[in-house]
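Fold and geometry: a report
Listed below, chain by chain, are the residues.
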Amino acid sequence: MRRGRRAAFIAGLLSAAIPASGEVSVEAFLESVWEENPRLQARSLEGDSARSAERAAGRWADPMVGVELFPQGGMADYRVMVQQTLPRAGELRSAREQAQARAEGTEWAKTGDRWLVAEQALTALAAVVEEKEREAVLQETVNLVEEILKAARQQVGTGTISQVQVLQWENELRSLQRQLASSQEKQASLRQRLAYWQGGEGVSGEGFTLPALVEGFRVPEARAAEEVEEPVAGTLRSRIREAEAAEAGVRSSGRPQFGLGLEYARMPSAEEDEIMAVGTVSIPLWRDSLRAETRSYALQRSAWERRLRDREREWQTEWAEIRFAWEDLEAEVRLLEDELVPRAEEILKQTRSAYLSGQVGYADILLAQRSLLDWSLALVETRRQQVETAARWQRLAAELQWN
């Protein structure tokens, strides 16, 4: 990817507008994460450093100035020399290309970290929201069991419900209350994890729901380009160009280097002044070390090229896997939402009436109640998996995919 395209690509990553104050959205959430996360702040400083090094690269060597003094009795001869070393052919271009490739690699690494942090932050947010929705499901189940327990106590002695069943419902209620308390306690640690990705800012997850997060995600389009344009591949291509430039720089250092200068000599002892033009040439002699260094960079470049090919295949494979995972989760959510949970609710409703009238036993209504709880919690968990899959897909595409 050329530099202009890369700059436009990276600049477009944060182009989503932040919504009005008070409105919660994934865009606003990620803007906050990207602004406050210490890892990204460190990457920004590294990027500034690399860009400064790029601006400084490829300069001519500083001229050398020398002064010689020869005291002789009451007088002194002196000589002033100014010499400029000329760059070898290709030397400055190699230095500039190395610095440019290094700066581009730093930008790609920063972009990769940005989307990795986004994925982790969204995963942490999904865990917080999931636990809140688990709490809501457990609270509804506690309320339901309390109603059944109240009705069972009223039915004791009528021949339909025994005192033993009342005790069993009390145990079931205590078990659910403990699960509810555990869910409430767990949310504190999950919020702490979320705050870590936000750079220490406390976040409750208020205003977010798993269904809304899932519905707001847009499936990214498959990439048709031959070259995969994503942060890891971009970083590897920068490393390849950097190794190529370094190899060219070593080859240029094997060429003779020339220098030009002027020398002014003031010699009172001889009652004369001299101005001379000076030329120098430096010829590298130790060819073995140059060949070894050139081979080192050539092997390094080959290694990066192979890693790039491996990454492109890995990226395509991961894209196919995540698409399948997303479609599979969508099918599972449809099954739970449209069939399993509604049927479990209907079964529990019918079983409850039959239980209180003595037509079915305790085991039947308990099974119906627990089935509804299990399917409801499974729906919450599957939606959380959808958000995690969407966050992973967003990181893979390196694009904001939420409306």
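Below, the structure is looked at part by part. (Residues numbered from 1 in each chain as written. Predicted model: local features only at pLDDT ≥ 70, side-chain atom pairs only at ≥ 80, totals over all residues. Heavy atoms only, no water.)

What follows concerns the nonpolar core. Ranked by internal contacts, the top residues of the largest apolar core, which has 69 residues, are F29, L30, L122, W169 and Y355. Residue assignment for this core shows that the elements contributing at least two residues are helix 2 (26-36), helix 4 (91-155), helix 5 (163-197), helix 6 (210-216), helix 8 (287-356) and helix 9 (362-397). By size, the runner-up hydrophobic cluster in this structure holds six residues, among which are A233, L236, I240 and L308. (Core = buried A, V, L, I, M, F, W, Y, C linked by side-chain atoms within 4.5 Å. Buried < 20%, exposed > 50% of the residue type's maximum accessible area, 1.4 Å probe, protein only. Helix = DSSP H or I, 4+ residues; strand = E, 2+ residues; numbered from the N terminus.)

So, on to the packing of aromatic side chains. What the rule picks out here adds up to eleven aromatic pairs. Taken together, a centroid distance of 6.2 Å and an interplanar angle of 40° make the contact between F217 and W393 tilted. Of the two residues, F217 sits in the loop between helix 6 and helix 7 (231-253) while W393 sits in helix 9, which places them 176 residues apart along the sequence. No difference in accessibility class separates F217 from W393, as the two residues are buried. Pairing W315 with W319 gives two aromatic rings, centres 5.0 Å apart and planes at 35°, and the pair type is tilted. Of this pair, W315 and W319 both sit in helix 8, four residues apart, which is roughly one turn of that helix. Residue classification places W315 among the buried residues on the basis of a relative accessible area of 0%. Following the ring pairs from residue to residue traces out a cluster consisting of F217, W315, W319, W326, W393 and W402. (Phe/Tyr/Trp six-rings, centres within 6.5 Å; stacked < 30°, edge-to-face > 60°.)

Below, the discussion takes up the packing of helix 2 against helix 4. Contact pair helix 2 / helix 4: the axes reach a minimum separation of 10 Å and the direction vectors enclose 120°. Considering their axes alone, helix 2 and helix 4 lie oblique with respect to each other. When you trace helix 2 past helix 4, the crossing you get is right-handed. Residue-level contacts link V26, F29, L30, V33 and W34 of helix 2 to R114, W115, V117, A118, A121, L122 and L125 of helix 4. Split by residue class, the contact of helix 2 with helix 4 holds eleven nonpolar, no polar and one charged. (Axes fitted to C-alpha atoms, helices over the stretch in contact; angles between N-to-C directions. Parallel < 35°, antiparallel > 145°, perpendicular 65-115°, else oblique. Left-handed = near helix turned anticlockwise from the far one by under 90°. Contact = heavy atoms within 4.5 Å. Nonpolar A, V, L, I, M, F, W, Y, C, P; charged D, E, K, R; others polar.)

Any link to function would need more than the numbers given here.
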